[in-house]
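For reference, the chains in residue letters:
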Amino acid sequence: MSNESAPTLRECYARAEDEGYGFFASNVTHFEILVGLLRGSAAVDSDLVVQLGEEEAAFFGDGDPALGVRVFGACLDTLRERHDIEVFCNIDHIHLPESEEFLEAAVASGVPDSVMVDASDQPFERNVELTADAVDRVERIDDDVLVEAELGRIAGVEGSTETAEDEAFYTDPEDAVEFVERTGCDLLAVSIGTQHGVASGRDLDVRPDLAADINDALADAGHDTTLVVHGASGLADDRIEDLLDAGVCKFNKNTRYQYEFARTQADFYHEHEDAVRPPEGVPDDREDFFAASDWAPEKEHFHPHVVSEDVRERIATVMSDLCELTRSAGETLHTDA
């Protein structure tokens, strides 16, 4: 949700494509991750794209995803004012047709700068039909909101949806041109061999050459369509660089932040376990808060803000490094004018 005088997300992507840089569009599953992403991007003067899926929105809304979008938007608007960068919001993986009501509620909230609609599990014609209808729905509510769609199937787990490796397939360049022409989508997520989730033990056959062929085919057909790669948490740095050179502008990252969140907390509490758990021989009297015990937990370690600050700083470090990798560091379009 950007103000009228600020650069739009469309302008941000156009500048990135012209200058050869890109963005890790980062899913926010927890407030601490949001703060860390903002800190890390601002530290290297990079604009930021954050993402919220329906399940994540439900978390922020205590079970109500439409409410969660508004809650998240209020947090984002308030926090972004503290940083001299542009910050944009994408609503990620709105599955069609079952989540059409959520799509309309999310766009009507005024929070997102873009939405990603997903009918990639459907046959080509049905994907086209559902995506074109979603584009029309978005335009009727707010024609400034960009629409991202997906063509091809990416293996792995995304939210509650799992695609087996033998069901995944690459995006065909000719199909990509037809899909964009018939749906009117602004961004296209393509399947080029990445996988959702953790990549350990997987031999990813990532195809930057295919991304380049799709980008060239779209350009030759006169389409200014931003290319997106999902499942970027397991990609090696050199693959990211190759994909940037191939014309990819947006990379989705989610699992890495979830791991950093959990790992940072796990390391902290492992190191300070004696300050939180009673030693052997001391009754675990949580109900009376150890009133009858000589032992007491140490608040300087169990206070939530202590470990939360560690999480924020770790996410900030990761984000700064990722901005350097995608070449967006130092490229903010933000001005004080």
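The shown structure was predicted, so the numbers you read here are calculated from the model rather than taken from an experiment.

(A) How the structure looks around a negative patch on the surface. Residues Asp136, Glu139, Asp143 and Asp144 make up a contiguous surface patch of negative charge. Judged by relative accessible area, which is 46%, Glu139 ranks as partly exposed.

(B) Structural detail: the sheet that holds strand 2 (residues 48-53). With parallel pairing, the eight strands of this closed barrel are ordered in space as 1-2-3-4-5-8-10-11. The mean angle between the axes of side-by-side strands here comes to 30°, regardless of whether they run parallel or antiparallel. Of the strands in this sheet, strand 1 (23-27), strand 2, strand 3 (87-95), strand 4 (114-118), strand 5 (146-151), strand 8 (187-190), strand 10 (226-229) and strand 11 (248-253) touch helix 1 (residues 9-19), which is tilted by about 115° from strand 11.

(C) Representation of the packing of helix 6 (residues 124-141) against helix 7 (residues 173-183) in the model. For the pair helix 6 and helix 7, the least separation of the axes is 9 Å and the interaxial angle reads 35°. Considering how the two elements wind past one another, helix 6 and helix 7 form a crossing that is right-handed. Where helix 6 approaches helix 7, its residues Phe124, Glu125, Asn127, Val128, Thr131, Ala132 and Val135 are matched on the opposing element by Asp175, Glu178, Phe179, Arg182 and Thr183.

(D) Here's a closer look at the state of the cysteines. Within this structure, the stated rule accounts for zero disulfides. Of all cysteine sulfurs in the structure, the one in Cys89 sits closest to Cys75, which takes part in no disulfide; the separation is 11 Å. Classification of Cys75 by relative accessible area gives partly exposed; the value is 26%. Between Cys249, a cysteine without a disulfide, and Cys12, which holds the nearest cysteine sulfur, the sulfur-to-sulfur distance is 7.6 Å.

(E) Structural detail: the confidence of the model for the protein. Confidence in the prediction of the protein, expressed as mean pLDDT, is 91, and 91% of residues score 70 or more. Here residues 155-168 is modelled with pLDDT under 50, and outside its nearest four sequence neighbours on either side it reaches 27 contacts, counting other chains as well. Predicted confidence for residues 196-203 stays below pLDDT 50, and this span has 16 contacts to residues more than four positions away or in other chains.

(F) Just helix 10 (residues 255-271), in detail. For helix 10, which comprises 17 residues, the first-to-last C-alpha distance of 24 Å matches the rise-based estimate of 24 Å (1.5 Å per residue) to within 8%. In this fold, the buried residues of helix 10 make contact with strand 1, helix 2 (31-43), strand 11, helix 12 (299-302) and helix 13 (304-325).

(G) Highlighting the side chain of Glu56. For Glu56, the location among the structural elements is in helix 3 (residues 54-60). No salt bridge forms around the buried Glu56; measuring N to O, its nearest opposite-charge neighbour Lys250 is 11 Å away.

(H) Geometry of the packing of helix 7 against helix 8 (residues 208-220). Taken N-terminus to C-terminus, the directions of helix 7 and helix 8 make an angle of 40°; their axes are 9 Å apart at the nearest point. Viewed along their axes, helix 7 and helix 8 adopt a mutual orientation that is oblique. Relative to helix 8, helix 7 is oriented so that their crossing is right-handed. Between helix 7 and helix 8, the residues in contact are Pro173, Ala176, Val177 and Val180 and Leu210, Asp213, Ile214, Ala217 and Leu218, respectively. For the contact of helix 7 with helix 8, a count of residues per class yields eight nonpolar, no polar and one charged.

(I) Quick look at unusual backbone geometry. Geometrically, the link from Leu96 to Pro97 is a cis peptide bond, its omega value of 5° lying close to zero. Summarising the element assignment, Pro97 is placed in the loop between strand 3 and helix 5 (100-108). In this structure, Phe290 takes a positive phi of about 60° despite not being glycine. By the secondary structure assignment, Phe290 is in the loop between helix 11 (273-276) and helix 12. Since its relative accessible area comes to 6%, Phe290 is described here as buried.

(J) Examining the pattern of salt bridges more closely. In this structure the tally under the stated criterion is 20 salt bridges. The closest approach of N and O atoms between Arg137 and Glu104, which form a salt bridge, is 2.5 Å. You can see Arg137 sitting in helix 6 and its partner Glu104 sitting in helix 5, a full 33 residues away along the chain. Taking relative accessible area as the criterion, Arg137 reaches 18% and is therefore assigned buried. Residue Arg327 is joined to Asp245 by a salt bridge in which the shortest nitrogen-to-oxygen separation is 3.1 Å. A residue pair is termed long-range when its members are at least 10 positions apart, and Arg327 in the segment after helix 13 and Asp245 in helix 9 (residues 237-245) qualify at 82 residues. Owing to a relative accessible area of 32%, Arg327 belongs among the partly exposed residues under this scheme. A single network of salt bridges, built from pairs that share partners, joins Glu100, Glu104, Asp133 and Arg137.

The rules behind these values
Residues numbered from 1 in each chain as written. Predicted model: local features only at pLDDT ≥ 70, side-chain atom pairs only at ≥ 80, totals over all residues. Heavy atoms only, no water. Patch = residues over 30% accessible without salt bridge, like charges linked within 9 Å, V, L, I, M, F, W, Y side chains within 5 Å. Areas by Shrake-Rupley, 256 points an atom, 1.4 Å probe, with all protein chains shown as cover. Salt bridge = Lys/Arg side-chain N within 4 Å of Asp/Glu carboxyl O. Lys, Arg positive; Asp, Glu negative; His and termini not counted. Charge placed at Lys NZ, Arg CZ, Asp CG, Glu CD. Buried < 20%, exposed > 50% of the residue type's maximum accessible area, 1.4 Å probe, protein only. Pairing = 2+ DSSP bridges. Helix = DSSP H or I, 4+ residues; strand = E, 2+ residues; numbered from the N terminus. Axes fitted to C-alpha atoms, helices over the stretch in contact; angles between N-to-C directions. Contact = heavy atoms within 4.5 Å. Left-handed = near helix turned anticlockwise from the far one by under 90°. Disulfide = S-S within 2.5 Å. pLDDT = per-residue confidence, 0-100. Expected span 1.5 Å × (residues − 1). Parallel < 35°, antiparallel > 145°, perpendicular 65-115°, else oblique. Nonpolar A, V, L, I, M, F, W, Y, C, P; charged D, E, K, R; others polar.

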